[in-house]
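Spelled out from the first residue to the last, the chains are:
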Amino acid sequence: MGVPVGTNVLDEDIYNSKFLDLCKGLNLDKNAASRAWETYLAVKENYSLDGDPSHWLACAIYVACRNVTEHTVGDSETLIEGNLVSLTRLLRLCNISLIHFIGKSKKWADMINMPPELRRKIDKLEKNFAVSMVIFKKFQPIFAAMFNNAKDEQTKTRCSKKQKVTCSASKLFEFCWTLFVVAKSEFPDLSENLVNSYHLLLACCDYVYTNILIADLRDLLNKSFGGLPHDFESTSYVLRSKPICIIDYLCQQYDGITTDAKVIKEYFWKTNLKKLIERKVLKGDSELNLLLDVVNFDFNYKAINKRYEQYVLSVGEFDERIFLSENANIEIGASNECTTEDLAKEMKNKKNNLFNQQTPLTGRNHLKPKIDLSDESTPVKNASEMVFKIQSILADCSPYPSEKLYTLLKSCSATLQSEIENLINMLGIKFCSQYCQVDHNSALHNDFAEKRLVMAKTWFYKLFENIIAKEAKNPKYDIKNLICHAVFHETLFACCLEMVIFAYNSQRAFPWVLNALQIHPYHFYKVIEVIVRVEDKLPRDMIKHLNRVEEQVLDSLSWQSESPLWDLINRNNKLIPHYDEIALVSVAGGAAPVSNLNHKIENNRFAHKDSPVSDRFISPAPGQPNIKMGKQIAVNENRQYFSVTSKNNGVSLPTVTGPLKKIGTLGLFFRKFYNLASVRMQDLCYQLSINDEDLMRKIWTCFEHVIIEHTDMMRDRHLDQILMCTIYIICRVVNLNLSFQAIMKCYRTQPQSASHIYRSVLITSRNPSQEHTENEGARRDTEQRIDLIKFYNTIFVQIVRDNALKYSTNSSNDNLTLSPLPATKTQLQSPTTRRVNDRLPIFIRKLEAQASPIKSPIRPLSYCINQSPKKDLENINMITMRAIAKKRNITDGHHDGPIAKQKTPSPPVITKRLQGLLEERMEHNTDK
C-alpha cells in the first residue's frame, strides 16, 4: 500500500491525515491512491466542496478504483474491477450513507468530466440498489408469512467464525437473502430488472421452503401459511422426500407472473444452484436438496457468505447484505427511526426515481385520469400489473394474421402476407440475437427473448389490423399506400417490442430496440401517436413512456448526423417551414405585427383525426412538389413489398383529401418539433416569471430563425441547448436581468432534464461518413465538447447576434414582425372545468375574472382558495362525505352471525338541496 507524497495542500494536516487513514484502512495500492489524491486536489482547486471532506475523498477513491480492471493472479480470463476495495467498507470509513454517496458521486462525475463508461457504472450502482431495496421490502412479508419470524437469542449476540451455526429463524432469514443475492450476482442481466429479480426471489423462497419440509424443520414453518400441504397438521402426514413447488401460490398471493417465475426457476435458479453444488461450494445431494440439513447448514451458511464477499470485492459493488444490518437505516441513508419497510419511500421522493418517472411536458393530453392512488401501489405490483394488462389486451389474439387480415392482404397481393411475415421474422431473428448478446448465458436468455417476441408479434398483428380497419372506414383513403410501406411495418413492430420490454422493466432502455433492429429513430416518431390512438387500453405508464420516447426522438435523436432527416431537408432545398405554415389551425395573415399580442396558433394533436396514416410515411405531402419522388427514395420513405401500378415512377400516391394542410412526413416532423419546443419554452418562461407575451414571442421568433436559417446548429445537439441559449440572448438584448444559471436551474425541474445537456455540448460536428466505421468511444475521442455557457459565448452568440439585436429595446425597427406563439394545452383549456372524481359531482377550474359559462338563476355552489369563507368549503365537504358514506368498509366491524340491516339516516334538507344544485351544475357542464 502506498500513499501520495510531495503534494501541496492548504490544510495538509487535516486532509492528508484523513486520506492516509483511508488508504491504510482500505489497503489501497500506491497507484490508485495517487490518482485519487491528485483528482481530489484538482477538483478542490476549481470548486468549493461543501460538507465533510472525507465524503468527497470517498468519491475520488471509488472512481480511482473503478477505473481499473485487472486480471487475477494465475487466471488471465478472470477480471477484477474495483481494485479489491469494498464499497461498503469505504462508506463506513468515510461515514457516508449509500444514498448520499450516490448523490455526491454524480456531482463528482460532473466536476471531473467523468467518461460515459464510468457514469454508466454509477447509474448501474444506483439502479441495482433501487431494485434490491424494493425486492427486500417484498421479501420481508413473504418470509414472515412462510416461516416463524420470532426473535431468538442468536440475534442478540454475534457468533464467532468458529462457532457452529444452527438453522434458527434469524439465520434462515439471512441465509435465504444471501442465497438470493448470490444467485442474482451470477446473472448480471437480472440485477437491474425489477420483475425478473423479484421472480428470482420467489424461486429462492420456493426452494428454501421445500428444503425446510424435506429437513422436517417444523418449528421454522408458519402454521398459518396457505402453501402448507393440506395434511401437514394431521397425524397421517408423510415426510416429503421430493421437492414440491409453491410458485403458483406465491405468484397468486404476492403479485408474481407464474410463467415467468417458473422460467426463472428452471433456467436460472436451478442452473446456478447445480453449479454451486457440483463445484463443492455448497453441500447438497444430486437433486439439489439437503442444503438446510442439520449436517450441512453450518457449512453452507458460511460458504455462501464467503462466496458473496468474494464477488463484492471483485466487482466493487455495494454489499446487498447491508439490509440485514442492525444499522441499515444509517448506512443506507434513510430517515431516523425509519423501518426497513419504508426504505423504498426514500427513493420514491427523489426526483430521479427509477420506478415512478415524471410525466413529459407534452404528455398530459394523452393520459386518462389516474384511478389507483392508494399507498398499496408498489414498483413490483405496478410492473406485474402492466404485464397483466398487456396480456389482457392480447387475449384471444394470435402471433400471426387473423382470417380477416389475411383476406384483406390477399385482396391486395397474393404474396403480400408472406412478405410481411418474412420481414417480421427477420426482425425477430435480429431481436433475439441482440437480446442474448447482453450476457454470456445466451441459451438461458433465449427463452425470455422468444416469449417477448411472441407477445410483440401478437401485438403487431392486432395493431396492424386495427389501423387498417380504421383507415378502410373512409372510402377516400387507399389503404394500399400504407400496407406497401416497409418503414410502417418495421416501426410498428419495433414499437411493439419496445412496449413489451418496458412492461417487463428491462434495463434495455430506448433506443436499444431500434439499434438491435437497425432502424433509425427518425422513423419511429411516425407510428407512436397512431398506436396511442388505436390502442385505447394502454396503461398510463406505457403512454407516458411512449411520450418520453417521442420527445427523445424529436429533441435529439433525429438530429444526429446520420439521420435521414438531413437527407430530406437537402431534398427540400434546405427549406424549413415556419410553424404557422404547418400548424393545424391557421392564423389569418400569417405572421403578426408586434402590436398584435394575442395571436396564437392552436396546436391540438387530435384535432384532425381524419388524416390518413399513410401521410406520415410519404414525403412530400400528396399534391405538393417540394420534394421530387423517385422510384426508391434513399431514406427508404417509400420502400414497398410489391409493385403498385402507377404513373408516378412506381410509387402509388393516395388520392385523398385529408386534413386542411397536407404536409407529409417532413412537415409533420417539424409540426411536432415546434410543438415540443413551444411547450418547453413556455414552461421555462413561466418558471422564470417571463409573463410578457411580447417578450415570449420575440424568443419564439428568434428560435424559429435559428432552426430555419441555421439548421446545422441542431446537428448532433439537443433542442434544450438551443432553447436555453435563445432565451438568454433575447433577455440580454431587452435588458432583462436574468442569469444563465437561473435558466439552467429552472431547466433542471423539467421532466426530461439531464446534467449532460448543459455540461457537454458538441462544438465540432462529427463527419457523417465516419459514423459507421468508428465506435462510440473513438468518436468521442475526436469530438470536442464544452459546457453550455462556453458554447453560447464561442458559437451561438456569434451566429445569432445580428438577428437577436433586431428585438432590442433600443432598436428603431417599428415594423418588426413576430411569429405567432403556439398555444399550449393549458391555455386552450382554460377556463373549462375539470371533474375531480367520477363518483362526486365536484369540479375545479382556474380562478379567472370571467363570467361563469353556466347560465342559471341559482347561484352555483363554489369555493375560491384564499377568498371564500370557510362555510362554503364545509358545504362542499358535506356533499363529499355523504357520497363516501354510502360505501361500507368491509373492515368495519366483525360479525360472527348474519349482518343485520341498518337503516340509513336521512340526509339533512340542506344536504339534499346542495346535492341538487351540484347535479344541476353538472348537467349544464355536460350540455354545453
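Residues numbered from 1 in each chain as written. Predicted model: local features only at pLDDT ≥ 70, side-chain atom pairs only at ≥ 80, totals over all residues. Heavy atoms only, no water.

Overview of the overall build of the chain
Right, so step 1: From N to C terminus, the chain includes 35 helices and 10 strands.
Right, so step 2: By the burial criterion, 52% of the 928 residues in the chain qualify as buried.
Right, so step 3: Taking as baseline every contact in the chain between residues at least 6 positions apart, the subset at least 24 positions apart corresponds to 74%.
Right, so step 4: Accessible surface, the chain as shown: approximately 45500 Å² in total, 49% of it carbon and sulfur. (Helix = DSSP H or I, 4+ residues; strand = E, 2+ residues; numbered from the N terminus. Buried < 20%, exposed > 50% of the residue type's maximum accessible area, 1.4 Å probe, protein only. Contact = heavy atoms within 4.5 Å. Areas by Shrake-Rupley, 256 points an atom, 1.4 Å probe, with all protein chains shown as cover.)

A look at the side chain of D260
Right, so step 1: For D260, the position within the fold is in helix α11 (residues 258-278).
Right, so step 2: One buried charged residue, D260, remains without a salt bridge, the closest side chain of opposite sign being R452 at 4.1 Å.
Right, so step 3: Within the local environment of D260, its side chain forms a polar contact with the side chain of Y504, the two groups lying 3.4 Å apart.
Right, so step 4: D260 has contacts with H199, K451, R452 and Y504, leaving out every residue within four places of it along the chain. (Lys, Arg positive; Asp, Glu negative; His and termini not counted. Salt bridge = Lys/Arg side-chain N within 4 Å of Asp/Glu carboxyl O. Polar contact = N/O pair within 3.5 Å; in protein donor to acceptor, adjacent residues only side chain to side chain.)

Topic: the environment of I727
Right, so step 1: In this structure, I727 sits in helix α28 (residues 719-733).
Right, so step 2: If near-sequence neighbours (up to four positions away) are discounted, I727 is found in contact with M681, L684, L688, I690, I699, L738 and I743.

A few points about the environment of E38
Right, so step 1: With respect to the helices, strands and loops of the structure, E38 is situated in helix α2 (residues 30-46).
Right, so step 2: Distance in space between the C-alpha atoms of E38 and A60 is 9.0 Å, their sequence separation being 22 residues.

Let's talk about helix α29 (residues 740-747)
An α-helical segment advances 3.6 residues per turn. Residues three or four places apart therefore align on the same side.
Right, so step 1: Within α29, the full set of buried residues consists of F740, I743, M744, C746 and Y747. Angular distribution of buried residues about the axis of α29 spans 160°; they occupy a single face of the element.
Right, so step 2: Buried residues along α29 sit in contact with α26 (664-687), α28, α30 (755-759) and α32 (788-804). (Arc of directions from axis to C-beta.)

Section: the packing of α2 against helix α3 (residues 53-66)
Right, so step 1: It is at 8 Å that the axes of α2 and α3 come closest, and there the two elements cross at 130°. As judged from the angle between their axes, α2 and α3 are oblique. Handedness of the crossing formed by α2 with α3: right-handed. Across from A32, R35, A36, W37 and Y40 in α2, the residues of α3 making contact are P53, W56, L57, A60, I61 and A64.
Right, so step 2: For the contact of α2 with α3, a count of residues per class yields 10 nonpolar, no polar and 1 charged. (Axes fitted to C-alpha atoms, helices over the stretch in contact; angles between N-to-C directions. Parallel < 35°, antiparallel > 145°, perpendicular 65-115°, else oblique. Left-handed = near helix turned anticlockwise from the far one by under 90°. Nonpolar A, V, L, I, M, F, W, Y, C, P; charged D, E, K, R; others polar.)

Considering the packing of aromatic side chains
Right, so step 1: Evaluated as defined, the whole model comprises 55 aromatic pairs.
Right, so step 2: A ring pair is formed by Y522 and F669, whose centres lie 5.6 Å apart and whose planes are at 55°; its orientation type is tilted. One end of the pair, Y522, is in helix α22 (residues 521-534); the other, F669, is in helix α26, with 147 residues separating them in the sequence. The burial state of Y522 is the same as that of F669; both residues are buried.
Right, so step 3: Both rings, one in Y674 and one in W700, keep their centres 5.9 Å apart while their planes meet at 70°; by these two values the pair is edge-to-face. With Y674 in helix α26 and W700 in helix α27 (residues 693-709), the pair connects residues that are 26 residues apart, well separated along the chain. (Phe/Tyr/Trp six-rings, centres within 6.5 Å; stacked < 30°, edge-to-face > 60°.)

Considering unusual backbone geometry
Only a minority of non-glycine residues have a phi that is not negative, and only a minority of peptide bonds are not trans.
Right, so step 1: At the junction of F510 and P511, the peptide bond is cis and its omega measures out at 10° in the coordinates.
Right, so step 2: On the secondary structure map, P511 appears in the loop between α20 (486-503) and α21 (512-517).
Right, so step 3: Even without a glycine there, the phi angle at N113 is positive, about 55°.
Right, so step 4: Along the chain, N113 falls in the loop between α5 (98-111) and α6 (116-146).
Right, so step 5: Despite not being glycine, N573 has its phi angle at roughly 60°, a positive value.

As for the confidence of the model for the chain
Right, so step 1: Scored by pLDDT, the chain comes out at a mean of 76, with 70% of its residues at no less than 70.
Right, so step 2: Mean pLDDT across the secondary structure elements of the chain bottoms out at strand β3 (residues 592-593), with 40, and peaks at α28, with 96.
Right, so step 3: Scored below 50 in pLDDT, residues 71-78 shows 7 contacts in the model against residues more than four places distant or in partner chains. (pLDDT = per-residue confidence, 0-100.)

Digging into the nonpolar core
Right, so step 1: In this structure, F670 and Y674 are the most contacted members of the largest nonpolar core, which totals 255 residues.
Right, so step 2: The element that contributes the greatest number of residues to this core is helix α9 (residues 194-214), accounting for 14 residues. (Core = buried A, V, L, I, M, F, W, Y, C linked by side-chain atoms within 4.5 Å.)

Observations concerning the packing of α6 against α9
Right, so step 1: Between α6 and α9, the shortest axis-to-axis distance is 10 Å and the interhelical angle comes to 30°. On the basis of their axis angle, the class for α6 and α9 is roughly parallel. Two packed elements cross with a definite hand, and for α6 against α9 that hand is right-handed. Within the contact between the two elements, α6 uses V131, V134, I135, K138, F139, I142 and M146 and α9 uses L194, S197, Y198, L201, L202, C205 and Y209.
Right, so step 2: Of the residues in the contact of α6 with α9, the class split is 12 nonpolar, 1 polar and 1 charged.

As for the side chain of S314
Right, so step 1: Note on placement: S314 falls in helix α12 (residues 297-315).
Right, so step 2: Using a relative accessible area of 18% as the deciding quantity, one classes S314 as buried.
Right, so step 3: Only 2.8 Å separates the side chain of S314 from the backbone oxygen of Y311, close enough to count as a polar contact.

Things to note about the pattern of salt bridges
Right, so step 1: Considering all chains together, one arrives at 26 salt bridges under this definition.
Right, so step 2: Among the ionic pairs, E309 bridges to R321, the shortest N-O distance being 3.5 Å. Here E309 is found in helix α12, whereas its partner R321 is found in the loop between α12 and α13 (328-332), with 12 residues between them in sequence.
Right, so step 3: Taking relative accessible area as the criterion, R321 reaches 17% and is therefore assigned buried.
Right, so step 4: Across the pair D720 and R680 runs a salt bridge, and its minimum N-O distance is 2.9 Å. One end of the pair, D720, is in helix α28; the other, R680, is in helix α26, and 40 residues separate them in sequence. Summarising the burial analysis for this pair, D720 and R680 share the class buried.
Right, so step 5: One salt-bridge network, held together by shared partners, links E529, R533, E550 and K672.

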